Amino acid sequence: MTLSSEFQFMGAPLQGFTEAPFRHYHSEIYGIQGHGLTYFTPFIRWERGEVRSRDLRDVTSELNSNHRLIPQIIFRDVNEFIALVNAVKAIGHRRVDLNMGCPFVPQVRKGRGAGMLVRSDVISEISRHVQSMTDMIFSIKMRLGVEKPTDWRDIIGIINDMPLSHLTIHPRTASQQYAGELHTDEFNRLLEQSTNPVIFNGDIESPSQIDAIRESHSELNGIMLGRGLLKRPSVIAEWYQQREWTHTERVSHLLDLHEAIFEHYSKTLTGGDAQILSKIKPLWEYLGTEFERKAIKKIIKANSISGYRIAVMQLA
């Protein structure tokens, strides 16, 4: 399909997975830097009275040089919002994404992430600041609600007052986490009522699913892929090539991606085998879907770099 100039692909932020090494080598290995893919950082948070420094290091990493990047922030009140926006601005970024969709229970209980969806008073304050900060470009990533998929109805008017570059919608509630039905009827109602460009996010894992979403929602301005991009890192490259890659092609590139990330951690982490393995092994939660579960279990059980390398080599 021909990609219009307005339509966008976006890589969703996933805590512990889509940090700078993944973004850099994904862009490099799959040739995404020449296409319309924008990556988002895992959310930058306020912790113990200050902006968490390791989150800012991810945004300023030299590995970000080969891809378009938008920092994302998570907040529970206006004070945190302003402090986080100022921190992003101080490191040279003029775009920021507001996380109103994280379903992680500890965040939701504190009113952050999806917990913000039922706090219209705070959203109203945020809206006024967004409208006044004309030197910044804002976007929002959100769910339909916390417990009810209709929660969005109470705040869409406030969100429409914000001049957003886009509004990304994951059509589930926070209580659903990442399982259960997508509330397509509510998503369609929101799509009709939003005055901001809308991006669809949720359960897209193949080029054919990208086509299906585009064909059924011609008003969409883009698609964001999260877990689907981790399970099948080639999915956007396949879509651009207008063909589905063979299993052999997908596995070859996937192992190249793993090797590049692994080598980076091996060179930069100084805590020995345990630290390196703690960073690299979680990726197999998603990358492992291309392989037999028995082979992935051997990788997860490895407790030394040598054992880990042997287990990974057996995948090829």
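Everything numeric in this text was worked out from a predicted model, so none of it was measured. (Residues numbered from 1 in each chain as written. Predicted model: local features only at pLDDT ≥ 70, side-chain atom pairs only at ≥ 80, totals over all residues. Heavy atoms only, no water.)

### So, the nonpolar core
With 60 residues, the main nonpolar core has Ile-73, Phe-81, Leu-98, Phe-138 and Met-142 as its most contacted residues. A per-element tally of this core places helix α3 (residues 78-90) first, with six residues. Not counting chain neighbours up to four residues away, the residues in contact with Phe-81 comprise Ile-73, Phe-75, Leu-98, Ile-126, His-129, Val-130, Met-133 and Phe-138. Of all hydrophobic cores here, the second largest spans 41 residues; its members include Ala-20, Leu-63, Ala-260 and Leu-287. (Core = buried A, V, L, I, M, F, W, Y, C linked by side-chain atoms within 4.5 Å. Buried < 20%, exposed > 50% of the residue type's maximum accessible area, 1.4 Å probe, protein only. Helix = DSSP H or I, 4+ residues; strand = E, 2+ residues; numbered from the N terminus. Contact = heavy atoms within 4.5 Å.)

### Things to note about the packing of aromatic side chains
Counting across every chain of the model gives eleven aromatic pairs. Summarising the aromatic geometry, the rings of Phe-187 and Phe-200 are spaced 5.2 Å apart at their centres and angled 90° between planes, so their arrangement reads as edge-to-face. Taken together, the positions of Phe-187 in helix α7 (residues 184-193) and Phe-200 in strand β10 (residues 198-201) put the pair 13 residues apart, joining distant regions of the chain. A residue is classified by how much of its surface remains accessible, and Phe-187, at 1% relative accessible area, is buried. Taken together through their ring pairs, the aromatic side chains of Phe-7, Phe-9, Trp-239 and Tyr-240 make up a single cluster. A cation sits over an aromatic face here: Arg-143 above Tyr-178, 4.9 Å from the ring centre. The aromatic ring of Phe-7 is capped on one face by Arg-214, whose charged end is 3.8 Å from the ring centroid. (Phe/Tyr/Trp six-rings, centres within 6.5 Å; stacked < 30°, edge-to-face > 60°. Lys NZ or Arg CZ within 6 Å of the ring centre and 35° of its normal.)

### Quick notes on the confidence of the model for the chain
Interpretation of this model should avoid reading the predicted coordinates in detail wherever pLDDT is low. Looking at the chain as a whole, the pLDDT averages 95, with 97% of positions reaching at least 70. Note that residues 1-5 has pLDDT below 50 and, in this model, eleven contacts with residues that lie over four places away or in other chains. (pLDDT = per-residue confidence, 0-100.)

### Topic: the pattern of salt bridges
This model, assessed by the stated rule, comprises 17 salt bridges. Note that Asp-55 is salt-bridged to Arg-52, the shortest N-O span being 3.0 Å. Here Asp-55 matches Arg-52 in class, with each residue buried. For Glu-80, the salt bridge is made with Arg-112, and the minimal N-O distance between the two is 2.8 Å. Taken together, the residues Glu-80 in helix α3 and Arg-112 in the loop between α4 (105-109) and α5 (120-132) connect sequence positions 32 residues apart. Under the relative-accessibility criterion, Glu-80 is labelled buried at 5%. (Salt bridge = Lys/Arg side-chain N within 4 Å of Asp/Glu carboxyl O.)

### Quick notes on the pairing of β10
A regular strand carries its side chains on alternate faces of the sheet. The alternating pattern of β10 places Val-198 and Phe-200 on one face and Ile-199 and Asn-201 on the opposite face, and all of these are buried. Pairing geometry for strand β9 (residues 167-173) and β10, over three bridges, is parallel. Bridged to Ile-169 within β10 is Phe-200. Read from β9 through α7 to β10, the crossover connection turns out right-handed. Pairing geometry for β10 and strand β11 (residues 222-225), over three bridges, is parallel. When the bridges of β11 are listed, Phe-200 appears paired with Ile-223. With helix α8 (residues 207-216) bridging β10 and its parallel neighbour β11, the resulting β-α-β unit is right-handed. (Pairing = 2+ DSSP bridges. Right-handed = clockwise from strand over helix to strand, strands pointing away.)

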